[in-house]
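# Tertiary structure, described
Listed here are the chains, written in short residue letters.
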Amino acid sequence: MATRKPQPAPDVPQHFSDGSDELARTWADAPGFWGWLTTVDHKRIGRRYICTGMVFFVLAGILALAMRTQLARPENGLMGPDRYNQLFSMHGTTMMFLFAVPIMEAVAVYVVPLMCGTRNIAFPRLNAFSYWVYLFGGVMIWIAFAMNVGPETGWFSYVPLANSDYSPGKRTDFWAQMITFTEVAALAVAVELVATILKTRAPGMTLARMPLFLWSMLITSFMVIFAMPSVMLASTFLITDRLVGTHFYNPADGGDALLWQHLFWFFGHPEVYIIFVPALGMISSIVETFSRRAVFAHTAMVLALVTTGFFAFGLWVHHMFATGLPALGNSFYTAASMVIAIPSAVQVFSWLATIGTGKPKFATPLLFVLGFFAIFVLGGLTGVMLASVPLDLQVHDTYFVVAHFHYVLIGGAVFPLFGAFYYWFPKFTGRRLSETAGKWNFWLFFIGFNVTFFPMHYLGLIGMPRRVYTYPVDMGWDLWNLIATIGAYLIAISALVFVVNVVRALRSGEPAGDNPWDAPSLEWATASPPPAYNFAAIPRVDSATPLWSDNDLPALSGLRSDRREILLTTATDADPQITWGLPKPSSWPLWSAIALTVLFIWSIFSPWGVVWGAIPLAVALTIWFWPSPDDRGLISEKSR
Amino acid sequence: MTRRIAIVGDVSELADYGYGPQALGWWGVLGFVLIEGMAFVLAIGAYLYLMPFEAHWPPALRPPDLRYGTLFTIVMLASVVPNQLIKHAALREDEPAVRRLILIMIAFGVALLIVRGFEFTALNTRWDLNAYGSIVWAIMVLHTIHLATDFYDTCPLAVLVHVRGIDGRHFSDVEDNAVYWNFVAFSWLVLYVLIYWLPRWLS
Amino acid sequence: MIGALQTAARLHAAALADVQSALDPAADQAQAIDGIWHLMLWVCVPMYLLVMAALAFVVWRARRQRRERGDVATASEGSLYNGLGIWVVVVMLGLTVLTTASYLVDRKLIPAQDAQVKIRITAKQWWWQVEYLNDDPSQQFMTANELHLPLAQKTHVELRSDDVIHSFWVPNLSGKRDMIPGRVNQIELTPRRAGKYRGTCAEFCGLQHAKMSLLVYVDEEKNFASWRSAQLGAAPSPGSEVLEHGKRYFETTTCAMCHTINGTTAHSLAGPDLTHLASRSTIAAGALPLNAGSLAAWLSDPQRQKPGTNMPTIDIEPDDLNALVAYLLSLK
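The rules behind these values
Every chain's residues receive numbers from 1 upward, in the order its sequence appears when written. Note on labels: chains are lettered from A, ligands numbered from 1, in written order. Given that the model is predicted, a residue must reach a pLDDT of at least 70 before its local features are reported, and side-chain atom pairs must reach 80 or more before they are shown or counted; all residues, however, enter totals for whole chains, interfaces and linings. Here, a nonpolar core means buried Ala, Val, Leu, Ile, Met, Phe, Trp, Tyr and Cys residues linked by C-beta atoms lying within 7 Å of one another. Partly exposed residues are those falling between the two cut-offs: more than 12 but fewer than 20 other C-beta atoms within 10 Å of their own, whereas 20 or more means buried and 12 or fewer means exposed, with C-beta atoms placed from the backbone. What counts as a contact here is a pair of residues whose C-beta atoms, placed from the backbone, lie within 7 Å. Starting at the N terminus, helices and strands are each numbered in turn, a helix being any DSSP run of H or I of at least four residues and a strand any DSSP run of E of at least two. Throughout this entry, Asp, Glu, Lys and Arg are counted as charged residues, while Ala, Val, Leu, Ile, Met, Phe, Trp, Tyr, Cys and Pro are counted as nonpolar. The remaining residues, Gly among them, count as polar. A strand pair is defined by DSSP finding two or more bridges across the two strands. This arc corresponds to the set of directions leading from the helix axis out to the C-beta atoms. Per the annotation, domain bounds derive from an automatic or database assignment of domains.

## Focus on the nonpolar core
Within the largest apolar cluster, 369 residues are counted, with the highest numbers of intra-cluster contacts made by A:V112, A:V133, A:L187, A:V194, A:L214 and A:W260. Contact partners of A:V133, with chain neighbours within four places excluded, come to A:F181, A:V184, A:A185, A:A593 and A:L596.

## Observations regarding the interface of chain A and chain B
Listed as interface residues are 65 residues of chain A and, on the opposing side, 48 residues of chain B. For the side of chain A that touches chain B, the elements supplying multiple residues, two or more each, are α6 (171-199), α7 (212-243), α8 (257-291), β2 (553-557), β3 (565-569), β4 (576-581) and α18 (608-625) of chain A. Of the residues that constitute the side of chain A that touches chain B, the class distribution is 37 nonpolar, 19 polar and 9 charged. As paired elements, β2(A) and strand β1 (residues 5-10) of chain B share 5 bridges and run parallel to each other. Looking at β1(B), one finds that A:L553 is bridged to B:I5.

## A closer look at the pairing of strand β4 (residues 146-150) of chain C
Both faces of the sheet carry side chains from a regular strand, because those side chains alternate between them. Residues and elements named next belong to chain C. In terms of residue burial, β4 counts as a mostly covered element, since 5 of its 5 residues are buried. Alternating residues of β4 divide into E146, H148 and P150 and L147 and L149, and every residue in both groups is buried. Both β4 and strand β10 (residues 213-219) contribute to a ladder of 5 bridges, which runs parallel. When the sheet's bridge partners are listed, P150 is paired in β10 with D219.

## Some thoughts on the sheet that holds strand β1 (residues 538-539) of chain A
The strand order β1(A)-β2(A)-β1(B) describes an open sheet built from 3 strands, whose pairing is mixed. Looking at strand neighbours, the two that pair on one side only are β1 of chain A together with β1 of chain B, the edges of this open sheet.

## Examining the interface of chain A and chain C
In this assembly, 74 residues from chain A lie in contact with 72 residues from chain C. When residues of the side of chain A that touches chain C are traced back to their parent elements, those giving at least two are α4 (81-116), α8, α10 (327-339), α11 (341-356), α12 (364-387) and α13 (389-395) of chain A. Counting residues per element, the side of chain A that touches chain C draws most heavily on α11(A), at 10 residues. Looking at the side of chain A that touches chain C residue by residue, the class counts come to 47 nonpolar, 18 polar and 9 charged.

## Here we look at the pairing of β4(A)
All names here are of chain A. When you tally the buried positions in β4, you get 6 out of 6 residues, the bulk of the element. Sheet topology note: the β3/β4 ladder contains 5 bridges and is antiparallel. Paired with T569 across the two strands is P576, which belongs to β4. Between the end of β3 and the start of β4, which pair antiparallel, lie 6 residues, with A574 showing a positive phi angle near 55°.

## A closer look at helix α7 (residues 292-300) of chain C
Buried residues of α7(C): C:L295, C:W298 and C:L299, and no others. Down the axis, α7(C) shows its buried residues gathered within 95° of arc, on one side only.

## As for the domain arrangement of chain A
Residue and element names in this part refer to chain A. With domains assigned, chain A is organised as domain 1 (37-525) and domain 2 (588-634). Counting residues at the interface gives 16 residues for domain 1, matched by 11 residues for domain 2. For the side of domain 1 that touches domain 2, the secondary-structure elements that each account for two or more residues are α5 (124-146) and α6. Considering every element that reaches the side of domain 1 that touches domain 2, the biggest residue donor is α5, with 7 residues. Class assignment for the residues of the side of domain 1 that touches domain 2 results in 11 nonpolar, 2 polar and 3 charged.

What follows is the structure, given as structure tokens:
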């Protein structure tokens, strides 16, 4: 009689996606719409965060098209100054607060726990809460805009223009409060990411072996933690100046208009690095995978990220060179603003060296990275130009600056983001995007972008200021504005190609498999899309490129299947320490977000909103944190 | 392309809670402390920034009265004692001590909120008088929100530890709460010097 | 292709000779900045081309690689590290050169406080109040939206704002400087080429930020002196009945609530000083040319010409309008 081949023990999985039925049940959401509302699964929340961010991207893009159409000809009558001023304010506000930061955090919310090898993000209900707060803040400002009460003083809303004397009504109040929403959401995610990256990494994933994307998200999260309080203070002071008569920014009563600028830009400069540093991590992931080798000079890359994060806080005065601050102080900020180019230069070298000594496959993700090089480096160089005080005094507040920041933001963040979408889409959805459509997407975007924004350098130099709803006939600006407008429509077409690509892939795209790109990091070790519990056993990592070993992947068993548990490891060496129960799905993050929204919106109309609105919020938060009898994740079952 | 895995170890013997940086909740409190600490630093920065815009400082009849502010500071510092005690009680998992001490913390919280209320009446300035008044009130309100939130946090925790047995996770929560309380206390020290003493040293 | 390049060059040349361009410096300050601009181009353009060439090389070379995945040849890693070190040094050198040059030019822009001509400009939404200052009060005068500067002399401009942050920017002459309520900023201009230049507000200041411009005339010494003495005098008396009608209308209606015409009873500072309006080439802070047609259009409906402007639209009878226009055009 043939002996049966010994079967593995019943709950010892053979693959990371092979979890037992009990494990799947433990990590499952409630069915249907209620499940969607109450989920604390970082993947479901990450997906909706990404989709919402992209919706705002498209909305802000449409505003840009409208602006460019108005500016295509001099003295155009498509819209008057009030509408235009709201448009550019909403465009900037939406892009910066509702798209750029949230989308980077969104991708991180999805990818980071998987790349760490764990089952969920830290503080899962806070994650759900963060999404709702973000959504409600974005919806609030867009409804305000639709009702002609949208912001009108630009995305950085200088005072005294933004004070109640010169911006009467509720427009600026809605804007300032929207900042509070998005700031709360961003800070929540930042704290989750720090805890996830430092405490839940797979055993063996020492800091030295940690992927550069995790480094970039760790640094970004610390930047969020130290930068966002500044805009919180700034916008709160603005609201109180407008609503209850404080004098922070009122020069007639001891205040100062520049206090706003200092507080805003102390946040605002790190903000652009908060947008940029995640993209640097995305580029490293893509370059590594598609060059088929680890990134060259890993330590230098980590140091480059860390120094970028630090220096980002020392530059903010370069936004204020024209305000008449002492010259010597300005010169310090020139030097600092130049110095931050050095870590970026190191990174560019390192990536080029990696591609050059690897065996690259030029798929769409890598194409977008190449586009990043061409566009971001140019933007970085105009940044060096702007760092010089005298030159900045000519081109500050002109279309030259508009060109610069679009080169660094679109080149430095949006191109890598699209690369990341093409890269991680198979993981998110289990389908591949079309490579052909991807190439069309890339080239239309690349060409359209340069056609739109390159002429703007020239326009600024020949005298065209920013934020003008029209311009005179005889300035010599007509042709270049028209060209820029044509480019804008090309960008719009490329966005359409992307949307069509995504929709078709979701419906009938080629199935992706676990690791279609043969990538080295842990998120590719499990199924596409991953099961709710991510990994049936906890991966153990022995190198910086775990999936490039030819052996079976090592893993640790022992996490319980009957309650939601993750493994906590030490911060530097990732040695297993304790297990930690995580909460089950809950609707209280949603109710708390609604209560917070009521408080924030009420307080736009009356200061008592803060007091009375605090009551339902306190109730909702209390119930949220109160351990329910059936949520065993919140208690220890092994007390000493 | 589905990779096989090989089980090389087991973690089922590990404890399922811990203290200090071992516990995940501790990192949440740390994050919160960093955020709010930065907010205080910036508010202090705004205060110092606004000083040169007035001929003399403070631009008010008098600086804030010392009486309530100092009383608050004394009581706040005193509260650190039971706070440290409850933290150590949680670390050694001493249920009766935790139950006792948390009631003492609640009492301190109530006392502090009452004194803080009186403090607001003795600031000798209003938020809408000038920028000085605005920043003084802003700092006071910011700190009071933290005080109130921490006090509010402690209440359900107090109920919880009395109504049920305290398990490892809850001891960990008590420790986290104590860490936050220390932040509220020590941040106040700096703010106290700024609001009550700096104007006196300058004049 | 050639035709396109020629057209582009012509357009470029036309723009270069433009009255509002940083690329056509006509004063010491703009000249110094132009120097930095060219230095930047000489450093940054080759830098960009170098990086793009490296990118192209890397892509070309990589296509020919025969490495296996994950394979890293340690020998080339060593020389790559050397390359990285050299690259960092090159970048640091370049940045040091640019920072130093920038610092030196910045020092040149600091006002020297020994200017011959002193002007105070107070920005308001959305026009420029211009005061020519003098130690002797009888030599002071006020105008609006237009500057005359003496050639080859230093003019010191004090910059203030009455309402929101504006910014004074005449690119052919200098970089910009913000005008911030509660603060006094200053800028120095030393023009070297006579002619007409255009400046504009360069800090978003509300509804009509786009139409807040000013003209700057750099005059030879003689012309400047005669312009100045003309500005010092009162407005010309009306020489005909129509003009008299216009003047009376001006003095007795809402016009006098906001405007000044020296020599009449209108003395308000809320709006631009119109004493010598007809000596200027534009109205409404550069929004419209100064001629009978646009003046009539402006007066009858300022909100239509510049929506949001602080000048209200008032019903004016056609007779009054004609007289008013004629009178204003007589204020040379």
